[in-house]
Each structure stands twice: as C-alpha cells, then as structure tokens.
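Given next are the chains, with one letter for each unit.
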Amino acid sequence: MAATSRGTSPVPPDVRPRLTVLSGPSGVGKSTVVAHMRSVHPEVWLSVSATTRKPRPGERNGVHYFFVDDEEFDKLIANGELLEWAEFAGNRYGTPRRAVLDRLEAGEPVLLEIDLQGARLVRQSMADARLVFLAPPSWEELVRRLTGRGTEAPEVIERRLAAAKVELAAEAEFDTTLVNTSVEDVARELLALMLQA
Ligand SMILES: Nc1nc2c(ncn2[C@@H]2O[C@H](COP(=O)(O)OP(=O)(O)O)[C@@H](O)[C@H]2O)c(=O)[nH]1
Ligand SMILES: Nc1ncnc2c1ncn2[C@@H]1O[C@H](COP(=O)(O)OP(=O)(O)O)[C@@H](O)[C@H]1O
C-alpha cells in the first residue's frame, strides 16, 4: 500500500508546502512525469480531476479522473465544488476544491496537473501557487509524442495541436519551465520544486 502517513512525508519539518500547478501542451508528457514521480514517491498527493471526457483504455474512475456526464459536471459547478474548471478540446475538466484545501491545511504539498486556462484561474485565486510549465524538447517531438501515444483520433490530435500552439506561447506566464527530455530528471526536478518553500 502507498505510504500516506506524515511520518513518511518527504517534506522537511521547516517547510510550509505550497500548491504546485503543472501545465503544458497535450502530449508533452505531463502524465508520464507525474506517474514516474509517484512511483518513486507514492506519498506525494495528486489531485484527481473531474472530467466529461470518456475514459481511455486502462484509465480508472477515481484514479486517473472522476468520469462524469455533463449533468453531473453542471452540478459540481453549481454547488461550488470546483476550485477551477475549463473546457479543453471539447471536454470539461475541473479540480475538486475540498480535497485540495484539506491537504494544504494539513501542510502537505499538493500537485495539480491542469491546462493553461486552469493554471491562470489558480494564479488568480491562490497568489502563492507555483506554476510549472512542462515544455517539449521541440515542436516536432511534441507532434511525435501526441501522435505516437495512439489514444486520439486524427481530428482530436489536430484540436490538441492547435491548443498546444496557444499553450506554448504562454510559457512566460509561468514561474519555472522544465523541458521534458528525460522523464526521470524532470520528475526529480518537479519534486524538488514542490518541496521548496
Ligand atoms: N483546467 C483544468 N484542466 C485539466 C484538469 N484535469 C486535466 N486537465 C487538463 O486537460 C487537458 C486534457 O487532459 P486529457 O484529456 O487527460 O489529455 P492529456 O493530458 O493530453 O493526456 C490537459 O492539459 C490536462 O492537464 C482540471 O481539473 N482542470
Ligand atoms: N521524456 C520523454 N521522452 C519520450 N517520450 C515521452 C517522454 N515523456 C512522455 N513521453 C511519451 O509521450 C506520450 C505523451 O505523454 P503523456 O504523459 O500522455 O502526455 P500528456 O499527459 O502531457 O498529454 C506518451 O506516449 C509518453 O510515453
């Protein structure tokens, strides 16, 4: 079982953890980097978003996302249960508010993996959040990764690449950029950032 008790937390006692937001274009490797970091440090907590997107093969409800329909998503918004939400490439995604605030109040580092619009909303509502941009080594490599993943139809890939152009242009809004050349290196750097005061 994953270690979750405070005793196994990687947070040094004198550090007050902040909210870290990891963003970057579709296909850059956000999920891969986060999965690697959590395989090495299972005690690091990652917010699980709600989405109206259909699950991909292997994705599990409550683990990768909370998969909901449009009506349920409307209710989450109406009840104020989302810290932020955005529409991305035809689906809606949102961060459940309560779980994030509980973790921060408990003094644990919190990681959100969300899109550019969500990152901007978090910056507005939580001024001390740390925004980390995950960049591809090159545009060609981003196209290769998104296409090579093989999870989206060609027209969905086109929408995501169009969104990627917008996202890449927003890099300067972030506090830090990490270039995803080596998954292991980036995962280590991301954890180090999360544990910084
Ligand atoms: N604003 C916002 N974006 C999210 C949330 N959860 C996931 N996303 C983003 O939605 C986009 C699409 O996610 P997904 O369909 O899983 O595709 P993938 O990230 O390319 O594998 C990505 O940029 C995610 O980071 C959320 O709760 N809020
Ligand atoms: N550093 C890397 N080098 C090579 N391929 C990578 C790297 N990081 C991720 N990938 C691959 O790129 C594809 C997209 O990664 P994924 O984590 O799904 O991206 P995102 O979550 O940002 O959409 C996957 O096939 C993944 O295996």
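Note: the structure precedes this text.
How each quantity is defined
- Residues numbered from 1 in each chain as written.
- Chains lettered and ligands numbered in written order.
- Predicted model: local features only at pLDDT ≥ 70, side-chain atom pairs only at ≥ 80, totals over all residues.
- Heavy atoms only, no water.
- Near = heavy atom within 4 Å.
- Polar contact = N/O pair within 3.5 Å; in protein donor to acceptor, adjacent residues only side chain to side chain.
- Areas by Shrake-Rupley, 256 points an atom, 1.4 Å probe, with all protein chains shown as cover.
- 1 Å grid on protein atoms, 1.4 Å probe; cavity = no way out; pocket = protein on both sides within 12 Å on 5 of 7 lines; lining within 4 Å.
- Sits in = over half its atoms within 2 Å of the grid points.
- Helix = DSSP H or I, 4+ residues; strand = E, 2+ residues; numbered from the N terminus.
- Expected span 1.5 Å × (residues − 1).
- Buried < 20%, exposed > 50% of the residue type's maximum accessible area, 1.4 Å probe, protein only.
- Arc of directions from axis to C-beta.
- Contact = heavy atoms within 4.5 Å.
- Pairing = 2+ DSSP bridges.
- Axes fitted to C-alpha atoms, helices over the stretch in contact; angles between N-to-C directions.
- Left-handed = near helix turned anticlockwise from the far one by under 90°.
- Parallel < 35°, antiparallel > 145°, perpendicular 65-115°, else oblique.
- Nonpolar A, V, L, I, M, F, W, Y, C, P; charged D, E, K, R; others polar.
- Core = buried A, V, L, I, M, F, W, Y, C linked by side-chain atoms within 4.5 Å.
- Points joined across faces, edges and corners; volume = space filled by probe spheres on them.

### Structural notes on the site of ligand 1
Then step 1. Near ligand 1 there are 19 residues, and of these Ser49, Arg53, Tyr65, Glu84 and Tyr93 occur at the shortest range.
Then step 2. Between Tyr93 and ligand 1, the recorded distance is 2.5 Å, taken from a side-chain N or O atom to an oxygen atom.
Then step 3. At a separation of 2.8 Å, a nitrogen atom of ligand 1 approaches a polar side-chain atom of Asp115.
Then step 4. A total of 570 Å² of accessible area belongs to ligand 1 in isolation, and the protein chains cover 98% of it.
Then step 5. Judged by the fraction of its atoms near the pocket grid, ligand 1 is located in the largest pocket.
Then step 6. Listed by contribution, the elements that provide at least two residues to the shell around ligand 1 are β5 (82-88) and β6 (91-96).

### Quick notes on helix α7 (residues 183-194)
Then step 1. Taking 1.5 Å as the rise per residue, α7 with 12 residues should run 16 Å; its terminal C-alpha atoms sit 16 Å apart, in good agreement.
Then step 2. Buried within α7 we find Val186, Ala187, Leu190, Leu191, Leu193 and Met194. In an axial view of α7, the angular spread of the buried residues amounts to 160°, which keeps them on one side of the axis.
Then step 3. Packing partners of the buried residues in α7 comprise β1 (19-23), α1 (30-40), β7 (110-113), β8 (130-135) and β9 (176-179).

### As for the sheet that holds β1
Then step 1. The 5 strands are arranged β2-β7-β1-β8-β9 in an open sheet whose pairing can be described as parallel. With one partner strand each, in any of the chains shown, β2 (45-46) and β9 form the two edges of the open sheet.
Then step 2. Sheet analysis places β1 next to β8, joined by 4 bridges and oriented parallel. When the bridges of β8 are listed, Thr20 appears paired with Arg130.
Then step 3. Strands β1, β2 and β7 of the sheet are contacted by helix α3 (residues 97-105), whose axis makes an angle of about 150° with β7.
Then step 4. Relative to β9, α7 is tilted by about 160°, and along the sheet it contacts β1, β7, β8 and β9.

### Things to note about the packing of helix α5 (residues 139-149) against helix α6 (residues 154-168)
If you want to describe how two helices pack, look at the angle between their axes and the distance between the axes.
Then step 1. The contact between α5 and α6 brings their axes to 11 Å, and the two run at 145°. α6 is crossed by α5, and the crossing has right-handed handedness. On the side of α5, the interface is formed by Trp139, Leu142, Val143, Leu146, Thr147 and Arg149, while α6 contributes Ile157, Arg160, Leu161, Ala164, Lys165 and Leu168.

### Some thoughts on the packing of α1 against α7
Then step 1. For the pair α1 and α7, the least separation of the axes is 9 Å and the interaxial angle reads 70°. Classified by the angle their axes make, α1 and α7 are roughly perpendicular. Note on element contacts: α7 touches α1 through Val183, Glu184, Val186, Ala187, Leu190, Leu191 and Met194, opposite Thr32, Val33, His36 and Met37.
Then step 2. Across the contact of α1 with α7, the residue classes tally to 8 nonpolar, 2 polar and 1 charged.

### So, the nonpolar core
Then step 1. Counting 20 residues, the largest nonpolar core has Leu22, Met37, Leu111, Leu134, Leu178 and Leu190 as its most contacted members.
Then step 2. At the level of elements, α1, β8 and α7 are the ones that each hand at least two residues to this core.
Then step 3. Ignoring any residue separated from it by four or fewer positions in sequence, one finds Leu178 in contact with Val132, Phe133, Leu134, Ala135, Val186, Glu189, Leu190 and Leu193.
Then step 4. By size, the runner-up hydrophobic cluster in this structure holds 18 residues, among which are Val100, Leu112, Leu116 and Phe174.

### Some remarks on the site of ligand 2
Then step 1. Around ligand 2 there are 13 residues in total, and Gly27, Lys30, Ser31, Thr32 and Arg149 lie nearest to it.
Then step 2. Within the side chain of Ser31, a nitrogen or oxygen atom sits 2.7 Å from an oxygen atom of ligand 2.
Then step 3. Note that an oxygen atom of ligand 2 is positioned 2.8 Å from one of the side-chain N or O atoms of Arg149.
Then step 4. Given that more than half its atoms are within 2 Å of the pocket grid, ligand 2 belongs to the largest pocket.
Then step 5. Elements supplying a minimum of two residues to the shell around ligand 2: α1 and α5.

### Quick word on the layout of surface pockets
Then step 1. Taken as a whole, the largest pocket encloses approximately 1200 Å³ of empty space.
Then step 2. Forming the walls of the largest pocket are 45 residues, and the residues nearest its centre are Lys30, Ser31, His64, Tyr65 and Glu113.
Then step 3. For the lining of the largest pocket, the secondary structure elements donating two or more residues are α1, β2, β5, β6, β7, α5 and α6.
Then step 4. In terms of residue count, the dominant contributor to the lining of the largest pocket is α1 (6 residues).
Then step 5. In terms of residue class, the lining of the largest pocket is made up of 19 nonpolar, 14 polar and 12 charged.

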